[in-house]
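If you want the building blocks of each chain, they are given just below.
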Amino acid sequence: MITVCRIEDLPPGEALRVTEGVPAPIAVFNADGTVYAVDDTCTHQDASLADGWLEGCYVECPLHAAAFDLRDGRPTCPPAKVPLRTHRVTVEDGRVVLHVTVGEPA
Amino acid sequence: MKSIAVVGASLAALSTVRALRAEGYDGAITVIGEERHHPYDRPPLSKAFLKGDLDADALALADPDEYADLRVRWLLGERAVRLDPAARTITLRSGRELRADAAVVATGASPRTIAGAQGLAGVHTLRTLDDAVALRADLRDGLPRVVVIGAGFIGAEVASTAHALGLSVTVVEAAEVPLERVLGREMGLVCSSLHTDHGVRLLCGTGVAGLTGEGRVTGVRLADGRLLPADLVVVGVGVRPATAWLAGSGLTVDDGLVCDAGCATNIPGVVAAGDVARCPNPFTGRHQRIEHWSNATEQPRTAARTLLSGRSAPTPVQPPYFWSDQYQARIQLAGHVAPGDRPQLVAGDLESRSFVAVYRRNGHDVAVLAVNQPKLFSRLRRTLTPVPSAVARAAP
Ligand SMILES: Cc1cc2nc3c(=O)[nH]c(=O)nc-3n(C[C@H](O)[C@H](O)[C@H](O)COP(=O)(O)OP(=O)(O)OC[C@H]3O[C@@H](n4cnc5c(N)ncnc54)[C@H](O)[C@@H]3O)c2cc1C
Ligand code: FES
């Protein structure tokens, strides 16, 4: 379990990239009050989804505009074809907590 | 409509096929492509693929499952040489004739070259996978002196990749300021300074008079008389729309296949999309071809709707967008920069090569340029609005 930040530091519409204590960078989003976590690197080529455009529970890649559903990681349009891995994230006592097991795919 | 022929088998062609099926078209689709390959992605050809970080399989634009769903008849390795709208036929180089109720022209563009390049080993242009395979082999041959002719985006990316492979690189550019036409003078200077930041020599304001060498290139002769020794030359001096095969078809060709905002040509039942299509663009106020990946992805939706509805169906368009990756810098531009549009820095600073600039014209934000600032770029590109036509015309 990794404490990402205080929930005040991740207001709705914002995203954070977690690079420490995880096998690969993870992006954590606050989508209108619901917190989601997915692999940060777009499955298409090479862009960070924490830099993407968040709309509802979809994030649009900042490079070629593939969109992913944050609930299940599925791409909703080309050019991405491969889903993102999703990770469990909760808010506990005002802290955003990421549940990842190092070395194991979540 | 029972049958559609799509000519060209690349990004715009595949995107059109996807759009036709998404719009519910259930008839036959035949795609004719001169290259032997199924559609693949070109941008990595000057970047990760050229460097050796990606293999050809990774460039595929679709997988077998999707192809099965799309139900396309592929005629690959076949060049279309004639379109006869009255007879509704397309003639292939092999002499074969194909009949279809409608046609989509998605033949893209081919690289321009310079006089004397033909038949000289070690001289390359870069457009296709086969070009990239040949260039990659030559770059890895250990011959150290590379001259890139043209400091546009493709030239700059090739220079950056060759530099990353440890080769000694010189870039020659005829214009005084590289990329001035695309980014304006100030930002053209900033972005082209990426070369010199990394120790790549950049020679501007000098044309190329010719190449030296017999059998294999040995040097590049500049217009000012200087001779640059070269083991390898890459010519990146722009492209020409691939329209020669349309001669005699009655289609209006003038720097591209001339279309309206709905991608309709002057002949009913023939539409165009991608690098080959010259359409009016509400964002730029111009009738122009847009040689960007995102245009070849989005415009086909418009072309497909026009074809299926039988009337020109313009759809809302995004501002033109492209990106370029060079020397670990990611450059992104949305909108259109005309001479005189002034960039204003809104974040970051030029020295660190991480910044965002917005270009304004008569009080309108017309373009946004970012270097290594994808997040703010994503936000600002959405704030661009089509320039009223009077303002667009006022630009020289
Ligand atoms: C090396 C490289 C790097 C690039 N990098 C970027 C980038 O970083 N960002 C960006 O925005 N854009 C980039 N682009 C541009 C982008 O790839 C193009 O805009 C896009 O490929 C256009 O797609 P298209 O389908 O219209 O044309 P094309 O991709 O040119 O495809 C046209 C196809 O039609 C075929 N054809 C032509 N004539 C005939 C005929 N008579 N009969 C049958 N087939 C025919 C050709 O063989 C070709 O395969 C790059 C391009 C290249 C070459
Ligand atoms: S890298 Fe994300 S869509 Fe291409």
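Residues numbered from 1 in each chain as written. Chains lettered and ligands numbered in written order. Predicted model: local features only at pLDDT ≥ 70, side-chain atom pairs only at ≥ 80, totals over all residues. Heavy atoms only, no water.

> Which residues make up the UniProt feature "domain: FAD/NAD(P)-binding" (unreviewed entry) in chain B, and what values go with them?
As annotated by UniProt and renumbered to match this structure, "domain: FAD/NAD(P)-binding" (unreviewed entry) occupies residues 3-299 of chain B. For residues 3-299 of chain B, the helix share is 24%, the strand share is 28%, and the end-to-end C-alpha distance is 21 Å. (UniProt positions renumbered as here; feature names shortened; annotations may be inferred. Helix = DSSP H or I, 4+ residues; strand = E, 2+ residues; numbered from the N terminus.)

> Can you explain the interface of chain A and chain B? Please cite residues and give values.
With 16 residues of chain A at the interface, the matching set in chain B holds 17 residues. Counting the surface lost from both chain A and chain B, the interface buries some 1400 Å², and carbon and sulfur atoms represent 50% of this. In terms of surface lost to chain B, no three residues of chain A exceed Trp-53, Leu-63 and Lys-81 of chain A, which account for 38% of the buried area on that side. Taken together, the links from chain A to chain B amount to one salt bridge. The residue Glu-60 of chain A makes a salt bridge to Arg-382 of chain B at a minimum N-O spacing of 2.9 Å. Linking chain A to chain B there are seven residue pairs in polar contact (both at pLDDT 80 or more). Of the residues that constitute the side of chain A that touches chain B, the class distribution is eight nonpolar, three polar and five charged. (Contact = heavy atoms within 4.5 Å. Buried area = accessible area lost by both parts, 1.4 Å probe. Salt bridge = Lys/Arg side-chain N within 4 Å of Asp/Glu carboxyl O. Polar contact = N/O pair within 3.5 Å; in protein donor to acceptor, adjacent residues only side chain to side chain. Nonpolar A, V, L, I, M, F, W, Y, C, P; charged D, E, K, R; others polar.)

> Just give me the short version of the domain arrangement of chain B, but keep the residues and values in it.
Residues and elements named next belong to chain B. Segmentation of chain B into domains returns domain 1 (3-110 + 240-309), domain 2 (113-237) and domain 3 (321-394). Relative placement of domain 1 and domain 2: their C-alpha centres are 29 Å apart. Here domain 1 packs against domain 2, burying approximately 1500 Å² in sum over the two surfaces, 60% of which is carbon and sulfur. If you look at where domain 1 meets domain 2, you find three salt bridges. Among the salt bridges present, the one from Lys-47 reaches Glu-157, with a minimum N-O distance of 3.0 Å. One can count twelve residue pairs in polar contact (both at pLDDT 80 or more) joining domain 1 with domain 2. For the side of domain 1 that touches domain 2, the element with the most residues is helix α2 (residues 48-51), which contributes three residues. Along the lines of polarity and charge, the residues of the side of domain 1 that touches domain 2 split into eight nonpolar, three polar and six charged. (Domains from an automatic or database assignment.)

> Now, about the nonpolar core: what can you tell me, with residues and values included?
Within the largest apolar cluster, 86 residues are counted, with the highest numbers of intra-cluster contacts made by Phe-29 of chain A together with Ile-90 of chain B. The leading source of residues in this core is helix α1 (residues 11-22) of chain B, at seven residues. With residues up to four places along the chain from it excluded, the contact list for Phe-29 of chain A reads Leu-10, Glu-14, Ala-15, Thr-34, Val-35, Tyr-36, Val-38, Leu-49, Ala-50, Leu-54, Val-59 and Leu-70 of chain A. (Core = buried A, V, L, I, M, F, W, Y, C linked by side-chain atoms within 4.5 Å. Buried < 20%, exposed > 50% of the residue type's maximum accessible area, 1.4 Å probe, protein only.)

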